[in-house]
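# A closer look at the structure
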Amino acid sequence: MAGLLLSPSEKVYILHGIEDDFRSDGRSNIDYRPMELETDVVSHASGSARLRLANTDILVGVKTEIDVPKPDKPNQGKIDFFVDCSANATPEFEGRGGEQLANNISNLMQRAYHSQQAFDLKQLCILEGKQCWKLYVDILILECGGNLCDAVSLAVKAALFNTRIPFVKAALLDGGNVDLQLSDDPYDSKLLEVGTAPLLVTLCKIGEKCVVDPSAEEESCSVISLVVGVTGNPKCYFSNEDASKLHDHISKCSTIAMNGPGSVAPQTLTNAIKQGISAAKYLDEALGKALLRERQDITNFVKHSYGFFK
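Figured I'd write up the structure that's included with this text.

Reading the values: rules and limits
Residues numbered from 1 in each chain as written. Predicted model: local features only at pLDDT ≥ 70, side-chain atom pairs only at ≥ 80, totals over all residues. Heavy atoms only, no water. Helix = DSSP H or I, 4+ residues; strand = E, 2+ residues; numbered from the N terminus. Buried < 20%, exposed > 50% of the residue type's maximum accessible area, 1.4 Å probe, protein only. Contact = heavy atoms within 4.5 Å. Areas by Shrake-Rupley, 256 points an atom, 1.4 Å probe, with all protein chains shown as cover. Patch = residues over 30% accessible without salt bridge, like charges linked within 9 Å, V, L, I, M, F, W, Y side chains within 5 Å. Salt bridge = Lys/Arg side-chain N within 4 Å of Asp/Glu carboxyl O. Lys, Arg positive; Asp, Glu negative; His and termini not counted. Charge placed at Lys NZ, Arg CZ, Asp CG, Glu CD. Phe/Tyr/Trp six-rings, centres within 6.5 Å; stacked < 30°, edge-to-face > 60°. Lys NZ or Arg CZ within 6 Å of the ring centre and 35° of its normal. Axes fitted to C-alpha atoms, helices over the stretch in contact; angles between N-to-C directions. Parallel < 35°, antiparallel > 145°, perpendicular 65-115°, else oblique. Left-handed = near helix turned anticlockwise from the far one by under 90°. Nonpolar A, V, L, I, M, F, W, Y, C, P; charged D, E, K, R; others polar.

### Remarks on the overall build of the protein chain
Scanning the protein chain from terminus to terminus reveals 6 helices and 14 strands. Looking at the protein chain residue by residue over its 310 residues, the buried ones come to 45%. Here the analysis covers contacts within the protein chain between residues at least 6 apart in sequence; of these, 73% occur between residues at least 24 apart. Only carbon and sulfur atoms are counted for the fraction: they give 51% of the accessible area of the protein chain, which is about 16,800 Å².

In structure tokens form, the structure reads like this:
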């Protein structure tokens, strides 16, 4: 988050603290700030989530549409990401100030999710070579308090976990045209398998060390940051009985991006990638537990009716 003004004394204070593995807000170099997550917050979307990471606030909505698959990928669906920066998020986003940042995050998410190891697009196929589902993932940055990439990836994975796709009851072929009949029941739908969906981990290089989940003040002290996309573990998104039936999944790096004019030594880059993969594993496990717990609460919730309509 460029443009934040810090005095030289404040920057030295932050730098010396990170060298001693003690940051200005009391965290160590590998600790994340507290997060708040809520799913199913947009009624007209197929899936939605809102995530707050300290002062960063992200809202994600997922819409579904029937489309024609790509000729070179006839058995796969499509997914597109759109990022919008609210002008109220930070003064830098007024006018067209947030367009470049929005495009960078959108392109980064596109690369991370289009890896074959990251997200299985085959589950979006309806009729091979003829019809498929296309997911529109709309991301709104409501407030900017640093570490946008990590917060966006967490909110996107939560929204996809919450997404319901209607079942296809019948498919009629009339010549070359396809007529699909979808179920009208909102509960007659299937859920997406998002276990391997990637999470982004931002490692901010300050001095000779890297920190995860940088605050806006720490980002202003860094000349370069590394963003690592790491595939998730499907076991984290199933109950204990179902998870025991799955094979062990090794988290892999699906994309890497660098931001800033600085440079990184080869050994520092290697250590940063290992640190990012380790942080992503803990994030993925915590996110899976939270989403499963919330889904269980919704399943067990009994809506009480009052008045004449019972």
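### As for a negative patch on the surface
A grouping of Glu19, Asp20, Asp21, Asp31 and Glu208 is seen on the molecular surface, where their side chains present a negatively charged patch. Structurally, Asp20 is set in the loop between helix 1 (8-19) and strand 1 (35-39).

### Side note on the packing of aromatic side chains
Under the definition given, this model contains 4 aromatic pairs. Measuring from ring centre to ring centre gives 6.1 Å for Phe82 and Tyr136, while their planes differ by 25°; the resulting arrangement is stacked. Here the residue Phe82 occupies a position in strand 4 (residues 78-85), and Tyr136 occupies one in strand 6 (residues 131-143), the gap between them amounting to 54 residues. A relative accessible area of 39% means that Phe82 is categorised as partly exposed. Pairing Phe161 with Tyr237 gives two aromatic rings, centres 6.0 Å apart and planes at 50°, and the pair type is tilted. Linking Phe161 in helix 3 (residues 148-162) with Tyr237 in the loop between strand 13 (224-230) and helix 5 (240-243), this pair joins segments that are 76 residues apart in sequence. Put simply, the rings of Phe81, Tyr113 and Phe119 pair up and form one aromatic cluster. In this structure, Arg295 packs its charged tip against the face of Phe161, placed 3.8 Å from the ring centre.

### A look at the packing of helix 2 (residues 99-113) against helix 3
For the pair helix 2 and helix 3, interaxial distance at closest approach is 11 Å and the crossing angle is 55°. Accordingly, the angle class assigned to the pair helix 2 and helix 3 is oblique. The way helix 2 lies across helix 3 gives a crossing that is right-handed. Along the contact surface, helix 2 presents Leu101, Ile105, Leu108, Met109 and Tyr113, while helix 3 presents Leu148, Cys149, Val152, Ser153, Val156, Lys157 and Leu160. Looking at the contact of helix 2 with helix 3 residue by residue, the classes come out as 10 nonpolar, 1 polar and 1 charged.

In short, the description is geometric, and any link to function would need to be established separately.
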